[in-house]
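Residue-level listing of the chains:
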Amino acid sequence: MEKRLMRIIVAVALLLCPVLPGVSSLVEADAAAKVQKQLQTVVFKTHLHCENCVKKVMANISYVKGVEDLKVSLEKQTITVTFNANKTDADKIAKEIVDLGYPAIKVNTQQQ
Amino acid sequence: MRKYFLPISICTLCTFDMLAFALPQTPVDTALIYADRKDTLTAATFTASGPANGLSKFKDVRTEVINSAGLCKMACCNLAESFENSASVTVGYSDAVTGARQIRLLGLSGVYTQMLEENRPAMRGLAAPFGLSYVPGPWLSSIQIAKGSPSVINGGESITGQINLEYRKPTDEIPLFVNASIMSDSRIDFNIASSLQLDKQGHWSTAILGHVCGNFAGFDMNSDGILDDPRQLGINLANRWLYYADSGVQLRFGFSFLRDQRAGGEYDPSFNSKKPAYNYDTYLKGDSTATRFWGSTILNQSINAYFKLGIPLNTDNSRNMAVVGDFSDYFMNSAFGKTKYDASQTSGFLNLLFQDQTLQAHHFTAGVSGRIDHYNEMFARPMPTPGWKTVNPISNLGIVGIFGEYTFHLEDKFSLIAGLRGDWYSNDGWKAVPRLTLKYAPIEQIVLRFNGGRGLRYSSPLTDNIGTLSTTKTFKSAHEYVSATNPSPLFASHTLEDSWVFGGNITLYFPGFGAADNSYLSFDCFCTQFTKQLLAIYDSSTTIDFCNPKRSFSNNYQVDFFVEPLKRFTIMATFRYTDARVDIFGLGLRERPMVSKYKGVLNLQYATNLKKWVFDFTASVNGPCRLYDYLGGGTTPVYPLLYAQVTHNMKGWSIYLGGENLTNFTQKDVLQGTAISESKAQGRAIKVDPEINTFDASCVWGPLMGIKIYAGVRVTLWKKD
């Protein structure tokens with residue numbers, strides 16, 4: 001049983017050997033990209049009626065290119081988006097929100 | 001502003017739907033309409049912000065909610081699989097042949113749990129054994145499991161609780177949703193859903209739902225000579241409509257169609273691919289020179305149509321009435337070895353409700369309801385006395401009744417729901433069904449619940465115990481063989497089963513504990529006591545006895561714990577202990593066989609920011625069950641099950657890869673009976689003789705298949721402005 005387990009571990013290690021340098025370079029590249037990120041946060045005033053609207057915004061804006069963080073408040077009627085300015089801008093995000101059927105009035109932008 | 005009119009009107013309707021989730025004691029149709037109440041938005045917000053699986057804080061009856069995120073934690077190809085990470089509900093196979101899944105709630109068979117589809121009773125009678133497999137998981141938006149004695153509004157059939165299914169809504173702003181998945185056992189699932197809003201004013205909307213699934217290859221992982229899962233091809237179609245008038249009148253109606261064909265049992269080992277080799281006609285002829293393979297074939301077909309009409313009676317919609325109607329036709333054509341069972345069930349249901357919520361603290365609901373079930377069954381099976389037994393019962397079971405329910409709410413502190421039904425049962429006369437629910441929250445962090453009442457249901461002996469058909473044992477009725485002096489056996493009639501259930505729950509919330517404010521610890525205790533029940537007793541090696549036990553009860557205790565220790569990392573742990581006993585005449589009070597004494601479930605979920613990657617891990621430990629006497633008593637072993645899934649979400653689509661039963665545990669010796677003789681065994685892989693009346697393929701307590709790997713994709717197209 002132990003021998004079998006050892007064989008499996010060795011086989012997995014051998015399989016991973018050629019992949020690991022690639023993975024480590026990817027991690028390094030990712031770290032470098034993070035350093036270069038120009039994060040900005042924008043707050044949009046909107047009109048959401050229910051939790052389904054929140055769900056719709058979350059399901060769509062979360063995956064817009066360059067979006068790093070998203071907070072949707074039903075209570076405050078705001079959509080707060082943190083994005084990488086190298087990849088997108090507030091106007092593009094606003095257009096995405098409007099395309100979903102909700103107004104997006106920019107009320108605040110912060111550089112991070 | 002006109003631009004945003006449609007989304008707002010859709011949201012309004014969605015909010016009504018959510019209100020229905022939040023108030024299980026309230027019928028959907030009346031609640032949904034009555035719109036512009038202050039609590040509506042609050043209720044909706046809470047519903048969506050809880051854990052993917054968890055206890056609802058706000059419901060009066062102890063209710064576990066599995067929302068759409070919870071349904072995505074596992075493969076969840078169908079409803080039965082959706083309960084794998086719940087300790088409240090235990091899922092198992094009815095037998096080793098048909099693939100029928102049965103659930104247990106409070107230690108009792110799933111037939112004692114009232115299934116509701118958006119608060120309409122469903123999956124009754126003939127539909128019960130396979131019904132769970134016929135609800136595609138991707139069609140659902142949430143499931144609510146209410147334990148104990150819920151509202152009287154949907155009839156008195158609930159004994160251990162209610163499971164309500166909420167489907168994708170016509171008002172969902174998703175014109176196209178597609179889900180396709182494949183499993184290593186060759187199971188393929190394809191689902192499509194489309195919600196369309198047909199006019200700018202939001203008056204008309206519709207949802208079209210489609211599902212195709214199949215098992216196209218055979219496996220015999222435990223080498224017992226029969227297929228672990230039957231070959232299967234199923235198709236489901238549904239179309240649901242919503243009309244919402246400016247006056248507040250709301251009409252919902254829909255249709256659905258189902259066809260499912262499956263064949264299981266022995267395969268011919270001389271072929272490379274394992275195909276079911278059973279043929280009823282060949283098997284019946286009994287040609288001793290030919291190899292005769294045992295097995296089963298099942299064809300289930302059904303159609304269903306329903307409507308719900310809600311009419312507000314005053315301007316703020318706090319007084320309203322609703323009419324709910326449902327019609328279904330179900331056909332089952334099946335053969336198991338030499339046994340033939342063909343049956344049809346035509347059912348109609350009508351519910352007329354009036355609801356008054358004009359006073360904030362006092363709500364009243366009253367109504368009348370009627371149900372008719374027309375069964376036409378043909379059952380033929382070899383019996384030692386008087387040889388073949390063919391019964392062709394035609395039953396008309398009618399229930400007509402009136403009901404009333406009073407709800408008192410003292411803000412969020414205290415609520416009381418007292419309900420009473422008076423129903424006339426066509427075979428049994430008048431019966432009263434009282435039910436009471438109390439909820440008390442002395443402080444915000446503690447919720448106490450008490451719940452109790454009566455439940456009554458007509459049994460459907462052969463389909464309630466579909467596993468009996470996967471045996472060749474002789475059927476007895478109340479300890480006697482079917483004969484001229486015992487011509488109307490219990491298995492061919494519908495006993496009105498009668499029970500009482502009482503229970504309580506305490507839930508403690510720990511707002512400062514963990515990264516979120518929704519940590520809780522919950523204790524439940526529920527006791528179900530039958531005053532009349534129909535049971536199939538499998539303890540003898542050669543007979544199955546359908547009888548009414550002298551005493552039957554099930555006590556259940558459960559602990560649930562939920563915490564989010566780190567941001568986006570959740571832990572859900574739950575443990576259930578069951579003490580189910582039955583007193584069969586002459587045998588005394590004994591542990592109910594094949595009911596696991598305990599089950600523990602641990603679910604860990606971690607999601608990266610914005611849920612781009614979601615990792616799920618579920619482990620369960622399944623306690624021992626008492627084995628049948630003919631197997632020498634004793635108990636089954638304790639076994640673990642592991643599930644894992646990785647989901648990657650992207651804009652508009654997600655992909656997932658997962659594994660089930662990662663410990664590769666399978667039940668050995670599923671088939672019980674007398675060893676097959678050498679002459680009969682030639683050209684067959686089966687080890688026991690299905691022609692001797694000791695054969696039993698229903699003794700299933702664990703998984704039949706080992707590791708299963710699956711992968712799938714979900715594509716969601718959201719509505720744009």
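Residues numbered from 1 in each chain as written. Chains lettered and ligands numbered in written order. Predicted model: local features only at pLDDT ≥ 70, side-chain atom pairs only at ≥ 80, totals over all residues. Heavy atoms only, no water.

1. A short note on the overall build of chain B
- Within chain B, the regular secondary structure consists of eight helices and 37 strands.
- At 25 Å, chain B has a C-alpha radius of gyration in line with the 27 Å of a compact globule built from 721 residues.
- Taken across its 721 residues, chain B has 62% of its residues classed as buried.
- Long-range contacts, defined here as pairs at least 24 residues apart, represent 67% of the contacts in chain B between residues at least 6 apart.
- Across chain B, the centroid of the 66 positively charged side chains sits 2 Å from that of the 63 negatively charged ones. (Helix = DSSP H or I, 4+ residues; strand = E, 2+ residues; numbered from the N terminus. Rg over C-alpha atoms; globule rule 2.2 N^0.38 Å. Buried < 20%, exposed > 50% of the residue type's maximum accessible area, 1.4 Å probe, protein only. Contact = heavy atoms within 4.5 Å. Lys, Arg positive; Asp, Glu negative; His and termini not counted. Charge placed at Lys NZ, Arg CZ, Asp CG, Glu CD.)

2. Some points on the environment of Val135(B)
All names here are of chain B.
- As for its placement among the helices and strands, Val135 is situated in the loop between α5 (128-131) and β8 (140-147).
- Through-space distance from the C-alpha of Val135 to that of Ala80 is 8.2 Å; in sequence the pair is 55 residues apart.
- Excluding residues within four positions of it along the chain, Val135 makes contact with Cys77, Asn78, Leu79, Met123, Leu140, Leu165 and Tyr167.

3. Digging into the sheet that holds strand β25 (residues 480-481) of chain B
All names here are of chain B.
- Strand order in the open sheet formed by four strands is β25-β24-β29-β28, with mixed pairing between adjacent strands. Lying at the two open borders of the sheet, with one neighbouring strand each, are β25 and β28 (535-537).
- Where strand β24 (residues 474-477) and strand β29 (residues 543-547) come together, four bridges link them in parallel fashion. Bridging across to β29, Phe475 finds its partner in Ile544. (Pairing = 2+ DSSP bridges.)

4. Some thoughts on the confidence of the model for chain B
Residues and elements named next belong to chain B.
- Taken over all residues, the pLDDT of chain B has a mean of 87, while the share at 70 or more is 91%.
- Between residues 1-10, whose pLDDT stays under 50, and residues either more than four places distant or in other chains, the model counts 24 contacts.
- Here residues 12-49 scores under 50 on pLDDT; set against residues more than four positions off or in separate chains, the count is 105 contacts.
- Of the two predicted TM-score estimates for the complex, the pTM is 0.87 and the ipTM is 0.77. (pLDDT = per-residue confidence, 0-100.)

5. Regarding the environment of His49(A)
- The topology assignment puts His49(A) in the loop between β1 (39-45) and α3 (51-61).
- Separated by 53 residues in the primary sequence, His49(A) and Tyr102(A) place their C-alpha atoms 10.0 Å from one another.

6. Side note on the packing of aromatic side chains
Residue and element names in this part refer to chain B.
- For the coordinates displayed, the defined rule picks out 32 aromatic pairs over all chains.
- With centroids separated by 5.3 Å and ring planes inclined at 40 degrees, the aromatic side chains of Phe364 and Tyr406 adopt a geometry described as tilted. Linking Phe364 in strand β18 (residues 362-383) with Tyr406 in strand β20 (residues 394-410), this pair joins segments that are 42 residues apart in sequence.
- We classify Tyr406 as partly exposed; its relative accessible area is 26%.
- Considering the side-chain rings of Trp500 and Phe502, the 6.2 Å spacing of their centres and the 5 degrees angle between planes classify their relative orientation as stacked.
- What makes Phe502 partly exposed here is its relative accessible area of 41%.
- Taken together, the ring pairs connect Trp204, Trp241, Tyr243, Phe253 and Phe255 into an aromatic cluster.
- We note Arg120 situated over the ring of Tyr306; from NZ or CZ to the ring centre the distance is 3.8 Å.
- Here Arg168 stacks its cationic end above the ring of Phe177, 3.8 Å away from the centre of that ring. (Phe/Tyr/Trp six-rings, centres within 6.5 Å; stacked < 30°, edge-to-face > 60°. Lys NZ or Arg CZ within 6 Å of the ring centre and 35° of its normal.)

7. A word on the sheet that holds strand β1 (residues 53-55) of chain B
All names here are of chain B.
- One open sheet holds the six strands; their spatial order is β1-β2-β8-β9-β6-β7, and the pairing between them is mixed. Each edge of the sheet is formed by a strand with only one pairing partner; in this case those strands are β1 and β7 (120-122). The sheet shows a mean angle of 25 degrees between the axes of neighbouring strands, taken without regard to direction.
- As paired elements, β8 and strand β9 (residues 161-167) share seven bridges and run antiparallel to each other. If you follow Lys147 over to β9, its bridge partner there is Gly161. (Axes fitted to C-alpha atoms, helices over the stretch in contact; angles between N-to-C directions.)

8. So, the pairing of β1(A)
Residues and elements named next belong to chain A.
- The buried count for β1 comes to five of seven residues, which makes it a mostly enclosed element.
- Where β1 lies against strand β3 (residues 78-84), seven bridges are found, and the strand directions are antiparallel. By the bridge assignment for β3, Leu39 is matched with Asn84.

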